[in-house]
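The lines below spell out each chain.
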Amino acid sequence: MATASAVHILVKTEKEALSILEQLKKGKDFATLAKRHSTCPSGKRGGDLGEFRRGQMVKAFDDVVFKKEVLKVHGPVKTRFGFHLIKTLYRSK
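The structure presented is a predicted model; accordingly, all values stated were derived computationally and were not measured.

**Here we look at the nonpolar core**
Next, step 1: Judged by nonpolar contacts, Val-7, Ile-9, Val-11, Ala-17, Ile-20, Leu-21, Leu-24, Phe-30, Leu-33, Ala-34, Phe-83 and Leu-85 together constitute the single largest core of 12 residues.
Next, step 2: Contributing elements (two or more residues each) for this core: β1 (3-11), α1 (14-25), α2 (30-37) and β4 (82-92).
Next, step 3: Per element, the largest residue contribution to this core is four residues, and it comes from α1.
Next, step 4: Once residues lying within four places of it in the same chain are set aside, the contact partners of Ile-20 are Ile-9, Val-11, Leu-33, His-37 and Leu-85.
Next, step 5: Within the second largest apolar cluster, 10 residues are counted, among which are Ala-2, Ala-4, Val-65 and Phe-66.

Here is the structure:
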């Protein structure tokens, strides 16, 4: 079973996600921004979700983590929870 580790920032609006994405592009620290802005409990850990298996997260989130480029910030990705900026740290097949 494929596993992965990712960090994310979860916010309520696409506008807020895009604003944070711009800050990341300018070199701001992902963990610092996650602690400041993320509405997910993982924000306290810099957005760290730890390791998880394919299928444990909602499909839109899983699709990014298991299909998109590793170590690159993707998003905003809309789920029922809000808008995510996602960075996959690693994954196994």
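**Some thoughts on the packing of α1 against α2**
Next, step 1: Relative to each other, α1 and α2 sit at 155°, their axes nearing to 10 Å. Comparing the axis directions of α1 and α2 gives the class roughly antiparallel. Of the two elements, α1 crosses α2, and the hand of that crossing is right-handed. Of the residues in α2, those touching α1 at Glu-16, Ile-20, Gln-23 and Leu-24 are Phe-30, Leu-33 and His-37.
Next, step 2: Counted by class, the contact of α1 with α2 contains four nonpolar, two polar and one charged residues.

Criteria and cut-off values
Residues numbered from 1 in each chain as written. Predicted model: local features only at pLDDT ≥ 70, side-chain atom pairs only at ≥ 80, totals over all residues. Heavy atoms only, no water. Core = buried A, V, L, I, M, F, W, Y, C linked by side-chain atoms within 4.5 Å. Buried < 20%, exposed > 50% of the residue type's maximum accessible area, 1.4 Å probe, protein only. Helix = DSSP H or I, 4+ residues; strand = E, 2+ residues; numbered from the N terminus. Contact = heavy atoms within 4.5 Å. Axes fitted to C-alpha atoms, helices over the stretch in contact; angles between N-to-C directions. Parallel < 35°, antiparallel > 145°, perpendicular 65-115°, else oblique. Left-handed = near helix turned anticlockwise from the far one by under 90°. Nonpolar A, V, L, I, M, F, W, Y, C, P; charged D, E, K, R; others polar.

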